[in-house]
Structure formats: C-alpha cells, structure tokens
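Remarks on the overall topology
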Amino acid sequence: MTAPHDIAAIKTATKQVVTSVGGIDAAASATRVGRSQIADYYNRNSPQVVPADVAVALDQCAEHPHILAAMAHAEGYAILPIRVGEGDIAQDMQDIALGAGDLMAETVRVLADGIVTEDERQALMARLHRLNHFVNHAMATLRGMSMQDGACPVVPLKQGTR
C-alpha cells in the first residue's frame, strides 16, 4: 500500500509537470483525459492519482520523468536514464566533471545574494539536472557491480574496450 506522503509526492510532481508544460489546458491536450481529471490528479483533496499512461504522456511533454520518478520512489525504486550524454560515458563524465567546479561556484554566487532571476534559475537547474543524471548513472553502475572475491568485475566505460 502506498503511504500518504508518497501520494502527496506524486500529486506534487503532477502539479509541477502541469505547470512546466504550460498549464492544465496544455496538459489535457497532451493526454487522453480532460481538464477536470488533470486537476484531480494534483488536487490533494481528491483520491484520484494520475494513471501510468497519463504520467508517461505528461512526463514526455515535460521532457523529464518527474511523475514517474515519484511513482518509482513510492515503491522504493529510482529511475535512471538509459542514455547519458551524446558519446562514450567516460568522455561525457569527464566533460561534466571538468565543469562541475565552475557550476558549483556559479550556483553559490547566484544563490548568495538571495536574488535569482528566472533566466538564472532555469540555466542552473538545467546544468545541475545534467550533472545529477551523470552522478545517478555512475551510482547505479557501481551499485550494479557485484563483489566477487572482494573485487568488482571490470566494466568498460568506453565502447569496445576492456
């Protein structure tokens, strides 16, 4: 049984996605349900929770799996991207790592004065989201390695190498 705080998190994620896709009309046009159903899915006073097919459609429209991530979390799972970046994972991770220090410094600078413009907010969120994807991918890779005789198996990061 899903806990009440998990339902609330799914409803919050649904509302965030509806807002990010341009509102209730845009969300309804991207799904098989109408405005009132969409509103019920994020209304905490409504027992209805967004069904999986509508969650997929909304998340696709938002270009990020916010609702599906909340659903997975409610069941004790995390979702991770299958593809990260454009090329070899090792090169992509190296590129992100080289810019991570600058990103953190910029984030601290922007947040320090307490005034964050919408452009700054969106730019930082996009860059931090990308960094988070790489970190989650690396963590999932490490979690997936089984320990055999006290050592992890060799998992190539570059395609075609060992």
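Just above, that's the structure.
Quick look at the structure, then. Here the residue index of a chain counts from 1 through its sequence in written order. With the structure being a predicted model, the display of local features is reserved for residues of pLDDT at least 70 and the display and counting of side-chain atom pairs for 80 or more, all residues being used for whole-chain, interface and lining totals. Hydrogens and water molecules were not included; the side-chain quantities draw on all heavy atoms of the structure.

Overview of the environment of Ala 39
So the rule is basically this: In this text, helices come from DSSP runs of H or I with a minimum length of four residues, and strands from runs of E with a minimum of two, each type numbered from the N-terminal end.
Mapped onto the elements of the fold, Ala 39 is located in helix α3 (residues 35–42). In this structure, the C-alpha to C-alpha distance between Ala 39 and Lys 15, residues 24 residues apart in sequence, is 8.3 Å.

Things to note about the nonpolar core
We count it as follows: Residues belong to one nonpolar core when they are buried, are Ala, Val, Leu, Ile, Met, Phe, Trp, Tyr or Cys, and are joined through side-chain atoms within 4.5 Å. Per-residue accessibility, obtained with a 1.4 Å probe over protein chains only, is compared with the maximum for each type, and a residue is labelled buried under 20%, exposed over 50%, and partly exposed between these values. Throughout, a contact is declared for two residues whenever any of their heavy atoms are within 4.5 Å.
In terms of nonpolar packing, the biggest core is built from 19 residues, with Ile 10, Ile 38, Val 50, Val 54, Leu 58 and Ile 67 touching the most fellow members. Counting only elements with at least two residues in this core, the list comes to α1 (4–20), α2 (24–29), α3, α4 (52–62) and α5 (66–74). Not counting the four nearest positions on each side in its chain, Leu 58 is found in contact with Val 17, Val 21, Ala 27, Thr 31, Ile 38 and Ile 67. Ala 100, Leu 103, Val 110 and Phe 134 belong to the second largest nonpolar core, which has seven residues in total.

Quick word on unusual backbone geometry
If you check the backbone angles, Glu 63 has positive phi at about 65° while not being a glycine. Tracing the sequence through the fold places Glu 63 in the loop between α4 and α5.

Re α1
Selection rule: In this analysis, the expected span of each helix is defined as 1.5 Å times one less than the number of residues it contains.
A rise of 1.5 Å per residue sets the reference length of α1, with its 17 residues, at 24 Å; its end C-alpha atoms lie 24 Å apart and thus fit the reference within 8%. Buried within α1 are the following residues: Asp 6, Ala 8, Ile 10, Lys 11, Ala 13, Thr 14, Val 17 and Val 18. Residues of α1 that are buried make contact with α2, α3, α4 and α5. Remark: Gly 22 follows α1 within two positions and exhibits a positive phi of approximately 110°.

Here we look at the pattern of salt bridges
Let me state the cut-off plainly: For salt bridges, the criterion is a side-chain nitrogen of Lys or Arg within 4 Å of an Asp or Glu carboxyl oxygen.
Tallying each qualifying case throughout the model produces four salt bridges. Close ionic contact of Arg 32 with Asp 53 constitutes a salt bridge, the shortest N to O distance being 2.5 Å. You can see Arg 32 sitting in the loop between α2 and α3 and its partner Asp 53 sitting in helix α4, a full 21 residues away along the chain. Taking the relative accessible area as the measure of exposure, Arg 32 reaches 56% and is therefore exposed. On the accessibility criterion, Asp 53 (41% relative accessible area) is partly exposed. The shortest N-O distance in the salt bridge between Glu 106 and Arg 127 comes to 2.5 Å. Placement of Glu 106 in helix α6 (residues 89–112) and of Arg 127 in helix α7 (residues 118–144) is noted, with a sequence separation of 21 residues between them. Judged by its relative accessible area of 26%, Glu 106 is partly exposed. Of the residues examined, Arg 127 reaches a relative accessible area of 36% and is grouped as partly exposed.

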